Amino acid sequence: MSERLQAEVVVIGSGPSGAVVTHTLASAGVDVVCLEQGDWINPSEFPANEPEWELLIQQRWAHDPNVRNGAADYPVEVSDSDMWPVMLSAVGGTSLFYGAEWVRLLPSDFRVRSLDGVAEDWPISYEELKPFHDEVDRFLGVSGVGGDPAYPEGLEYPMPPHPLGKVGMVAAAGMNALGWHWWPGANAIAVDRHKTLERCVRRGTCEWGCPAGAKASFDLIYLPQAIAAGARLVTGARVSRIESGPDGLATGAHWIDRDGGENFVAAKAVVVCANGIGTPRLLLLSAGGAHPDGLANSSGLVGRNLMLHPNCTVTGYYEDDLESWKGPAGETIHSMEFYETRPEHDFVRGGKMNVLPTPGPLAAIEAHRDQPFEEVWGGAFAEVAGRHRSGILWATNSEDLPEETNRVVLDPSLTDGDGLAAPKVEYRIGDNTRRILDFHVARMTEMHEAAGAARTIPVGLWVDQPGHLLGTARMGDDPARSVVDSFGRAHDVPNLFVADGSLFVTGGAANPTATITALALRIARHIVATAAELPTPSGAAA
Amino acid sequence: MNGVRELTAAEREALVAVADVLCGGGALPAPSETRGYAEWLDRALEARADAFDEVVAAALSLDGLSAAGRREALRLMSIDQRPRFHALSSVVAGAWLLVPEIRSALGYPGQIAAPAAFDEAASQLETGILDPVIERGPIYREA
Ligand SMILES: Cc1cc2nc3c(=O)[nH]c(=O)nc-3n(C[C@H](O)[C@H](O)[C@H](O)COP(=O)(O)OP(=O)(O)OC[C@H]3O[C@@H](n4cnc5c(N)ncnc54)[C@H](O)[C@@H]3O)c2cc1C
Ligand code: SF4
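Being a predicted model, the structure only gives us computed values, none of them experimental.

1. Remarks on the overall build of chain B
Part 1 of the reasoning: Within chain B one finds eight helices and zero strands.
Part 2 of the reasoning: Listing the helices and strands of chain B from first to last along the sequence gives α-α-α-α-α-α-α-α.
Part 3 of the reasoning: Since a compact globule built from 143 residues should have a radius of gyration of about 15 Å, the 23 Å found for chain B marks it as more spread out than a globular shape.
Part 4 of the reasoning: Referenced to the eigenvectors of the C-alpha coordinate spread, the extents of chain B come out at roughly 65 × 35 × 35 Å.
Part 5 of the reasoning: Residue burial in chain B is summarised as follows: out of 143 residues, 46% are buried.
Part 6 of the reasoning: A sequence separation of at least 24 residues applies to 73% of the contacts in chain B between residues at least 6 apart.
Part 7 of the reasoning: Surface summary for chain B: the accessible area is close to 7,000 Å², and the carbon and sulfur share equals 53%.
Part 8 of the reasoning: Computed over 13 positive and 21 negative side-chain charges, the separation of the two mean positions in chain B equals 6 Å.

2. A look at the overall build of chain A
Part 1 of the reasoning: Helix and strand counts for chain A stand at 12 helices and 15 strands.
Part 2 of the reasoning: In terms of C-alpha radius of gyration, chain A reaches 22 Å, essentially the compact-globule figure of 24 Å for 542 residues.
Part 3 of the reasoning: For chain A, the proportion of contacts with a sequence separation of at least 24, taken over those separated by at least 6, is 74%.
Part 4 of the reasoning: Summed over all atoms, the accessible surface of chain A reaches about 16,500 Å², with 49% contributed by carbon and sulfur.

3. Concerning the interface of chain A and chain B
Part 1 of the reasoning: Each side of the interface is counted separately: chain A has 65 residues, and chain B has 62 residues.
Part 2 of the reasoning: Taking both partners together, chain A and chain B bury about 5,200 Å²; carbon and sulfur atoms supply 63% of that area.
Part 3 of the reasoning: Contact with chain B buries surface across chain A, with Leu55(A), Arg60(A) and Phe373(A) losing the most and accounting together for 13% of the total.
Part 4 of the reasoning: At the boundary of chain A with chain B, the tally comes to eight salt bridges.
Part 5 of the reasoning: Taking the shortest distance from any N to any O, the salt bridge between Asp116(A) and Arg141(B) comes out at 2.7 Å.
Part 6 of the reasoning: Every element with two or more residues in the side of chain A that touches chain B is listed here: helix H2 (53–56), helix H4 (112–116), helix H6 (165–178), strand E3 (183–184), helix H9 (361–367) and helix H10 (381–386) of chain A.
Part 7 of the reasoning: Ranked by residue count, the leading element in the side of chain A that touches chain B is H6(A), at five residues.
Part 8 of the reasoning: Partitioned by chemical class, the residues of the side of chain A that touches chain B number 32 nonpolar, 16 polar and 17 charged.

4. What to know about the site of ligand 2
Part 1 of the reasoning: Neighbouring ligand 2 are 14 residues; Cys200(A), Arg203(A), Gly204(A), Cys206(A) and Cys210(A) lie closest to it.
Part 2 of the reasoning: Split by residue class, the shell around ligand 2 holds eight nonpolar, three polar and three charged.

5. Remarks on the pairing of strand E1 (residues 4–12) of chain A
Residue and element names in this part refer to chain A.
Part 1 of the reasoning: The pairing of E1 with strand E7 (residues 262–272) spans eight bridges and is parallel. Counterpart to Val-9 in the pairing with E7 is Ala-269.
Part 2 of the reasoning: The β-α-β motif built from E1, the intervening helix H1 (residues 16–27) and the parallel element strand E2 (residues 32–35) has right-handed crossover chirality.

6. What to know about the sheet that holds strand E8 (residues 311–317) of chain A
Residue and element names in this part refer to chain A.
Part 1 of the reasoning: Strand order in the open sheet formed by six strands is E3-E9-E10-E11-E8-E14, with antiparallel pairing between adjacent strands. Of all the strands in the sheet, the pair left with one neighbour each is E3 and strand E14 (455–459).
Part 2 of the reasoning: Where E8 meets strand E11 (residues 391–398), seven bridges bridge the pair, whose relative direction is antiparallel. Pairing of Asn-311 across the sheet is with Asn-397, part of E11.
Part 3 of the reasoning: The sheet contacts of H6 involve strand E9 (333–335), strand E10 (351–356) and E11, and relative to E11 the element is tilted by about 60°.
Part 4 of the reasoning: Against the sheet, helix H11 (residues 431–451) makes contact with E8, E10, E11 and E14, and its axis sits at roughly 15° relative to E8, the strand it touches most.

7. Here we look at the packing of helix H2 (residues 37–47) of chain B against helix H5 (residues 82–96) of chain B
Packed helices, taken two at a time, are described by their axes: the angle between them and the distance between them.
Residue and element names in this part refer to chain B.
Part 1 of the reasoning: In the contact formed by H2 and H5, the axes pass within 8 Å of each other and the chain directions differ by 135°. It follows from the interaxial angle that H2 and H5 lie oblique. Here the hand of the crossing between H2 and H5 comes out right-handed. The segment H2 lies against H5, with Tyr-37, Trp-40, Leu-41, Ala-44 and Leu-45 engaging Val-91, Val-92, Ala-95 and Trp-96.
Part 2 of the reasoning: Split by residue class, the contact of H2 with H5 holds nine nonpolar, no polar and no charged.

8. Regarding the site of ligand 1
Residue and element names in this part refer to chain A.
Part 1 of the reasoning: Neighbouring ligand 1 are 35 residues; Ser-17, Glu-36, Thr-94, Val-239 and Thr-513 lie closest to it.
Part 2 of the reasoning: Between ligand 1 and the protein, one listed contact pairs an oxygen atom with a side-chain N or O atom of Thr-94 at 2.7 Å.
Part 3 of the reasoning: Val-239 places a polar main-chain atom, nitrogen or oxygen, 2.8 Å from a nitrogen atom of ligand 1.
Part 4 of the reasoning: Considering ligand 1 on its own, with 990 Å² of exposed area, one finds that the protein chains cover 97% of that surface.
Part 5 of the reasoning: Among the residues making up the shell around ligand 1, the classes are represented as 14 nonpolar, 16 polar and five charged.

9. Considering the side chain of His388(A)
Part 1 of the reasoning: Following the sequence through the fold, His388(A) ends up in the loop between H10 and E11.
Part 2 of the reasoning: With residues near it in sequence (within four places) discarded, His388(A) still touches Ser324(A), Trp325(A), Thr358(A), Gly360(A), Pro361(A), Ala364(A), Leu106(B), Gly107(B) and Tyr108(B).

10. Comments concerning the packing of aromatic side chains
All names here are of chain A.
Part 1 of the reasoning: The tally for this structure, following the rule as stated, stands at 15 aromatic pairs over all chains.
Part 2 of the reasoning: Ring centres of Phe-46 and Trp-61 lie 5.7 Å apart, and the angle between their planes is 70°; this geometry places the pair in the edge-to-face category. Taken together, the residues span a long stretch of sequence, with Phe-46 in the loop between E2 and H2 and Trp-61 in the loop between H2 and helix H3 (65–68) at a distance of 15 residues. Both residues of the pair, Phe-46 and Trp-61, count as buried.
Part 3 of the reasoning: Taking 5.7 Å as the distance between ring centres and 20° as the angle between the ring planes, the aromatic pair formed by Trp-377 and Phe-381 counts as stacked. The burial state of Trp-377 is the same as that of Phe-381; both residues are buried.
Part 4 of the reasoning: Of the aromatic side chains, those joined through ring pairs into one cluster are Tyr-98, Trp-102, Phe-139, Phe-218 and Tyr-222.
Part 5 of the reasoning: For the cation-ring pair, Lys-195 lies above Phe-139, with the distance from its terminal atom to the ring centre recorded as 4.2 Å.
Part 6 of the reasoning: Above the ring of Phe-439, the side-chain terminus of Arg-443 is found at 4.6 Å from the ring centroid.

11. Looking at the packing of helix H1 (residues 9–23) of chain B against H2(B)
All names here are of chain B.
Part 1 of the reasoning: Between H1 and H2, the least distance of the axes is 12 Å, while the angle of their chain directions is 95°. Classified by the angle between their axes, H1 and H2 sit roughly perpendicular to one another. Here H1 contributes Arg-12, Leu-15, Val-16 and Ala-19 to the contact with H2, which in turn contributes Tyr-37, Ala-38, Leu-41, Asp-42 and Leu-45.

Criteria and cut-off values
- Residues numbered from 1 in each chain as written.
- Chains lettered and ligands numbered in written order.
- Predicted model: local features only at pLDDT ≥ 70, side-chain atom pairs only at ≥ 80, totals over all residues.
- Heavy atoms only, no water.
- Helix = DSSP H or I, 4+ residues; strand = E, 2+ residues; numbered from the N terminus.
- Rg over C-alpha atoms; globule rule 2.2 N^0.38 Å.
- Buried < 20%, exposed > 50% of the residue type's maximum accessible area, 1.4 Å probe, protein only.
- Contact = heavy atoms within 4.5 Å.
- Areas by Shrake-Rupley, 256 points an atom, 1.4 Å probe, with all protein chains shown as cover.
- Lys, Arg positive; Asp, Glu negative; His and termini not counted.
- Charge placed at Lys NZ, Arg CZ, Asp CG, Glu CD.
- Buried area = accessible area lost by both parts, 1.4 Å probe.
- Salt bridge = Lys/Arg side-chain N within 4 Å of Asp/Glu carboxyl O.
- Nonpolar A, V, L, I, M, F, W, Y, C, P; charged D, E, K, R; others polar.
- Near = heavy atom within 4 Å.
- Pairing = 2+ DSSP bridges.
- Right-handed = clockwise from strand over helix to strand, strands pointing away.
- Axes fitted to C-alpha atoms, helices over the stretch in contact; angles between N-to-C directions.
- Parallel < 35°, antiparallel > 145°, perpendicular 65-115°, else oblique.
- Left-handed = near helix turned anticlockwise from the far one by under 90°.
- Polar contact = N/O pair within 3.5 Å; in protein donor to acceptor, adjacent residues only side chain to side chain.
- Phe/Tyr/Trp six-rings, centres within 6.5 Å; stacked < 30°, edge-to-face > 60°.
- Lys NZ or Arg CZ within 6 Å of the ring centre and 35° of its normal.

Purely spatial values, then, with no claim about function.
Have a look at this one:
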């Protein structure tokens, strides 16, 4: 059935960014409709409720939409990419899968051009963003220990930390032996009941859905409050195009429902929160009229400068039982020791390292797959599987610098279930990033050795882990060098906003969602504050 | 649940024979000697319904080989046909790891609720483990 709705603002996507925008607008009395192509997923459906969860996450609950192939997903063409972006289409978006590591960028991240002579500075500073971070943290009940010396004074958390556990204590002792920075993890995981979140009971499967409802996935927090404040959420609604009128202003969004019906919501403003792949895809799908190369794309930068934070890991196995099946996961501890440019390095910028537990015996087997056959299978198998209790995973997000050739385009032949062009990702890992990865594999191996690991297994690149989708509609003051301004407003289309990871000018190396949501809050507040000045689109199409 | 068809006796036998090569030979009973393995194998196949045909065909392709021949064929498959070996080994070995007796022998309680004691985090930090980091002082770069 075809529906025609009217709203003041339409938000596209209900992940962390869309949820924060929707809530902020609705709470301010704005009439807002949020369109989400996915559905609600109840925590009772998550794989961790079943003993065979380790098999269920291989396909049905895989992070990679190309493997999962769910009804709400769209495929991503990756044959010209070194890595495969992963995400989830659901109410709450990819946050149902995220680890909820809640880490802010550092002050230097906003000034990379000035400090290190590479990439570009952001149009805002750490200090400008900080109050928005603090507000989101309070809303979510982020857990951590204040006073991390890797940050300027004033970084405090509203909830106490999770235990370090045996895993964290052993890893931290190794860092102390080396004299390197570490700090207890900061996680958007409730240590105690908080608003609509339950208490974490350390089930350890945070990255495949929290069965306890303790992790701050945005279907459980922000969206419920947004709906209570009057926001309308439409699920199973795949936006096919943002419409624009003859004056170039956005007039609303078309969406296709699950029965293939075509619908439209007319609005005075459109906020795109479809993530660093989905947002440029939609802007490119919305070409036409005043925007022949895609909506808001006069700079030609929509889809360009994709950054994915390539990850490397070293898993260490220890003699002692570390209860490595226990969560949260979530970061146990993190280290910013090699985050910054140093004269002695052969690369600029650096990486953010963190510890995770290693839940599950099949995961222990997976970690050993590249070892010689006889060391994993047959007589060795039970012993290797048994290592699940004594594992520590050190992982690094590396800072990949923006490159215009790393980009999202529309694939000429691949389509989603509704016949819309799928995004094609063209992404190559740069030399600087490769050096950061190699360096961190060597350091993480040393860290395990210092902590007493019996054996270590390095993975130089985690090809299917990039859930950090950044840079493809970046902010800036210069319309020729950026897609949107520092409030997410498109330079070309003053009533169109972007509020997700596409905004990032550089990627930093911190997990991005804390920054994404702080930016989203700042943008939503700006929309509320300037609502009276929004231009009125002439000639609403469709 | 997607639902997969029942295995024939020959298919089941072939899968268990693969499982014995991949998981047997250590201190624990091999899958063919582990009570309940057959039921957990069904459950594992169901969890990887997408790979059912591939897994069964891969196991049947090793039919008629001696145990040593099967082992060598699996070793070669792990090198030359990685996706196929991944699916086959995940299902047959994953099934064995689901058997309660095996899980308890491996010290795996499952992803159970294990709420932290209220003072656990604080008492770990009170050991002074964070002191060297604090003593070193700020490390952030002025911007
Ligand atoms: C395994 C994994 C672990 C992660 N761990 C962490 C972590 O520990 N810490 C951290 O900071 N980050 C982590 N991330 C990243 C984090 O999930 C993302 O940064 C975050 O979800 C981004 O929020 P978003 O709202 O911008 O996008 P998303 O959460 O991806 O939400 C976008 C939403 O838009 C919808 N959408 C897209 N296109 C359309 C369309 N055309 N019509 C309608 N709806 C549409 C999608 O269905 C989706 O629900 C992880 C990611 C993964 C995959
Ligand atoms: S560790 Fe906590 S947050 Fe993670 S899945 Fe378990 S209960 Fe949920």
